[in-house]
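Now for the letters of each chain:
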Amino acid sequence: QVQLVESVGGLVQPGGSLRLSCAASGVIFSTMGWYRQAPGKERELVARITSGGNTNYADSVKDRFTISRDNAKNTVYLQMNSLKPEDTAVYYCNAWFARQFWGQGTQVTVSS
């Protein structure tokens, strides 16, 4: 069946880096991305990437985060650099194939 499995997040100090991965199964998705939801906030798009490699980023993460995908492994990544406390959230993998699919969410905490 179609499934998105995310890597474990973690605790990172401000200014640090973390890479998330999301392994998809079942199909090759046309668009994959990452959303996040911070405490008391609505879920928001962080980054997305199409099968053609076009990317889109939230202004808040632009130039700090990089989304990429490995179609051979059917996996999407989110490289997060220069992390800030405001990046603390549950990060959800998202992908589209006929409908939206979601990963289970992984907690990323940025704190000293």
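Here is a short report on the structure shown in this document.

Calculation rules
- Residues numbered from 1 in each chain as written.
- Predicted model: local features only at pLDDT ≥ 70, side-chain atom pairs only at ≥ 80, totals over all residues.
- Heavy atoms only, no water.
- Phe/Tyr/Trp six-rings, centres within 6.5 Å; stacked < 30°, edge-to-face > 60°.
- Helix = DSSP H or I, 4+ residues; strand = E, 2+ residues; numbered from the N terminus.
- Buried < 20%, exposed > 50% of the residue type's maximum accessible area, 1.4 Å probe, protein only.
- Lys NZ or Arg CZ within 6 Å of the ring centre and 35° of its normal.

**Here we look at the packing of aromatic side chains**
Tallying each qualifying case throughout the model produces three aromatic pairs. Seen in terms of ring centroids, F29 and F101 are 5.6 Å apart; in terms of plane orientation they differ by 65°. Their pairing is edge-to-face. Of the two residues, F29 sits in the loop between β3 (18-25) and β4 (31-37) while F101 sits in strand β10 (residues 99-102), which places them 72 residues apart along the sequence. F101 shares its class with F29; the two are buried. A network of ring pairs unites the aromatic residues Y35, Y92 and W102 as a single cluster. Against the face of Y92 rests R43, its NZ or CZ located 3.7 Å from the ring centre. Sitting over the ring of W102, R43 keeps its end group 4.8 Å from the ring centre.

The quantities given are spatial measurements derived from coordinates; they are silent on function.
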